[in-house]
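Structural overview for review
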Amino acid sequence: VYAKGALFGLTAVSIWAGWIVVARLGLRTSLAPEDITAIRFAVAGLILLPYLLRHGLAVDRLGWSGVVLLAIGGGAPIVLLANVGLTFAPAAHAGALFPGAMPLLVALIAVPVLGETFSPLRRVGLVLILAGVVGLLLAAGLTVGTRQTAGDAMFLGAALLWAVYTICLRKAAISGLHAAAIAAVASLVVYLPIYAVLHGDRLLGAPLGDVALQALVQGVLTAVVSLVLYGRAVEILGASSGAAFAAICPVLTALFGIALLDEMPTQAEWVTIATISSGVYLVTGGPLPRWRRGR
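Quick summary incoming for the structure in this document. From a predicted model like this one, the values you see are computed outputs, not experimental measurements.

**What to know about the overall build of the protein chain**
Secondary structure assignment for the protein chain yields 14 helices and 0 strands. Along its sequence from the N terminus, the protein chain presents helices and strands in the succession α-α-α-α-α-α-α-α-α-α-α-α-α-α. Radius of gyration (C-alpha) of the protein chain: 18 Å, near the 19 Å computed for a compact globule of 295 residues. Its C-alpha atoms give the protein chain principal-axis dimensions of roughly 60 × 45 × 35 Å. Relative to its full complement of 295 residues, the protein chain shows a buried share of 49%. Within the protein chain, counting contacts between residues at least 6 apart in sequence, those at least 24 apart form 85% of the total. A total of about 13,300 Å² of accessible surface is found on the protein chain, and carbon and sulfur atoms cover 70% of it. Side chains of the protein chain give 17 positive and 11 negative charges; the mean places of these two sets differ by 16 Å.

Rendered as structure tokens:
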């Protein structure tokens with residue numbers, strides 16, 4: 001049973017790491033950040049539209065302000081921000097500073113908004129994430145105004161938007177797939193017309209293979225399949241054990257970046273990525289060896 005749950009969790013996290021690398025790959029070929037964002041939500045919005053029509057906007061639980069925050073934090077604005085960041089900084093930085101830093105930002109918001117408290121072990125995890133983020137910025141040569149620092153700042157901004165999205169989802173107690181449907185369809189309705197007016201003919205000249213790859217990875221695998229797989233992992237393993245698989249996302253992103261983009265992190269960057277992953281594992285309540293629990 002554990003092997004089945006672990007397979008679901010690992011596959012979901014691999015997709016999360018993969019969309020970052022595939023987006024960076026698309027930006028190296030013929031696509032711009034706004035093109036990839038449009039492809040993602042054209043596909044995901046159409047796929048999830050029937051689901052949203054059945055379940056509605058959940059305004060009774062979210063309020064209209066919550067619907068807007070979900071649309072921003074899980075829709076076109078966050079993806080566009082991350083994609084622009086990928087034009088400035090490598091995929092490994094995106095993996096560490098976007099999904100990697102997100103648990104820290106969720107915690108900072110959850111304490112005053114949801115009244116959450118954290119065990120000493122999870123506090124250690126938060127400190128490790130913070131140390132890893134600062135270390136990564138320093139290892140990259142933190143200089144305000146450089147292209148890489150601008151990209152890193154965008155990844156942290158995307159992590160903040162995703163943290164707000166997560167808090168809204170928790171507070172309203174709706175499923176991840178329902179929240180994703182709200183964000184995807186809102187982006188389909190709002191972002192796609194704006195994109196069509198400003199850049200509508202650009203995708204017509206893009207290679208079909210580039211567009212198809214982004215449609216598959218961004219619109220189908222990331223926006224739909226990964227959420228279903230992650231939900232199954234949590235269902236089989238429990239919330240803490242299922243969520244702990246997110247800890248390997250920064251490492252997987254770096255490894256995929258090496259294989260597909262030839263972007264090799266420095267030794268110092270590897271240390272900070274491992275520090276962030278360790279912190280994420282502790283914050284998400286990953287299972288510990290029995291001897292540690294006994295203490």
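**Re a nonpolar patch on the surface**
On the surface, V189, V190, I194, V197 and L198 cluster together to form a nonpolar patch covering roughly 520 Å² of accessible area. Its location among the elements puts L198 in helix α9 (residues 176–199).

**Section: the nonpolar core**
Core analysis: the biggest nonpolar cluster contains 78 residues, and L62, L70 and I174 have the highest contact counts within it. Per-element accounting of this core gives the leading share, 11 residues, to α9. The residues touching L70, leaving out its near neighbours within four places in the chain, are L62, G75, Y165, C168, L169, I174, A179, I182 and A183. Listed in part, the 13 residues of the second largest apolar core include A6, A12, I15 and C249.

**A few points about the side chain of T253**
The topology assignment puts T253 in helix α12 (residues 249–261). Residue T253 is classed as buried on the basis of its relative accessible area of 0%. Leaving out residues up to four positions away in the same chain, T253 has contacts with A17, I20, V21, A91, A92 and G95.

**Here's the deal with the pattern of salt bridges**
Within the structure shown, the criterion is met by 4 salt bridges. Its salt-bridge partner being E263, residue R28 comes within 3.1 Å of it at the nearest N-O pair. Within this pair, whereas R28 is found in helix α1 (residues 2–28), its partner E263 is found in the loop between α12 and α13 (267–283), the two being separated by 235 residues in sequence. Here the salt bridges do not stand alone but share partners, grouping R24, R28 and E263 into one network.

**Quick notes on helix α10 (residues 208–237)**
Its maximal kink placed at L221, α10 deviates by approximately 50°. With its phi angle positive at about 100°, G238 sits one or two positions after the end of α10.

**Considering the packing of helix α6 (residues 102–114) against helix α8 (residues 147–172)**
Here α6 crosses α8 at 45°, and the two axes come no closer than 8 Å. Accordingly, the angle class assigned to the pair α6 and α8 is oblique. Considering the relative orientation of α6 and α8, their crossing is right-handed. Residues M102, L105, V106, I109, A110, V113 and L114 of α6 form the contact with α8, whose own contacting residues are L156, A159, L160, W162, A163, V164, T166, I167, R170 and K171. In terms of residue class, the contact of α6 with α8 is made up of 14 nonpolar, 1 polar and 2 charged.

Cut-offs applied
Residues numbered from 1 in each chain as written. Predicted model: local features only at pLDDT ≥ 70, side-chain atom pairs only at ≥ 80, totals over all residues. Heavy atoms only, no water. Helix = DSSP H or I, 4+ residues; strand = E, 2+ residues; numbered from the N terminus. Rg over C-alpha atoms; globule rule 2.2 N^0.38 Å. Buried < 20%, exposed > 50% of the residue type's maximum accessible area, 1.4 Å probe, protein only. Contact = heavy atoms within 4.5 Å. Areas by Shrake-Rupley, 256 points an atom, 1.4 Å probe, with all protein chains shown as cover. Lys, Arg positive; Asp, Glu negative; His and termini not counted. Charge placed at Lys NZ, Arg CZ, Asp CG, Glu CD. Patch = residues over 30% accessible without salt bridge, like charges linked within 9 Å, V, L, I, M, F, W, Y side chains within 5 Å. Salt bridge = Lys/Arg side-chain N within 4 Å of Asp/Glu carboxyl O. Core = buried A, V, L, I, M, F, W, Y, C linked by side-chain atoms within 4.5 Å. Bend = angle between axes of the 7 residues up to and from the residue. Axes fitted to C-alpha atoms, helices over the stretch in contact; angles between N-to-C directions. Parallel < 35°, antiparallel > 145°, perpendicular 65-115°, else oblique. Left-handed = near helix turned anticlockwise from the far one by under 90°. Nonpolar A, V, L, I, M, F, W, Y, C, P; charged D, E, K, R; others polar.

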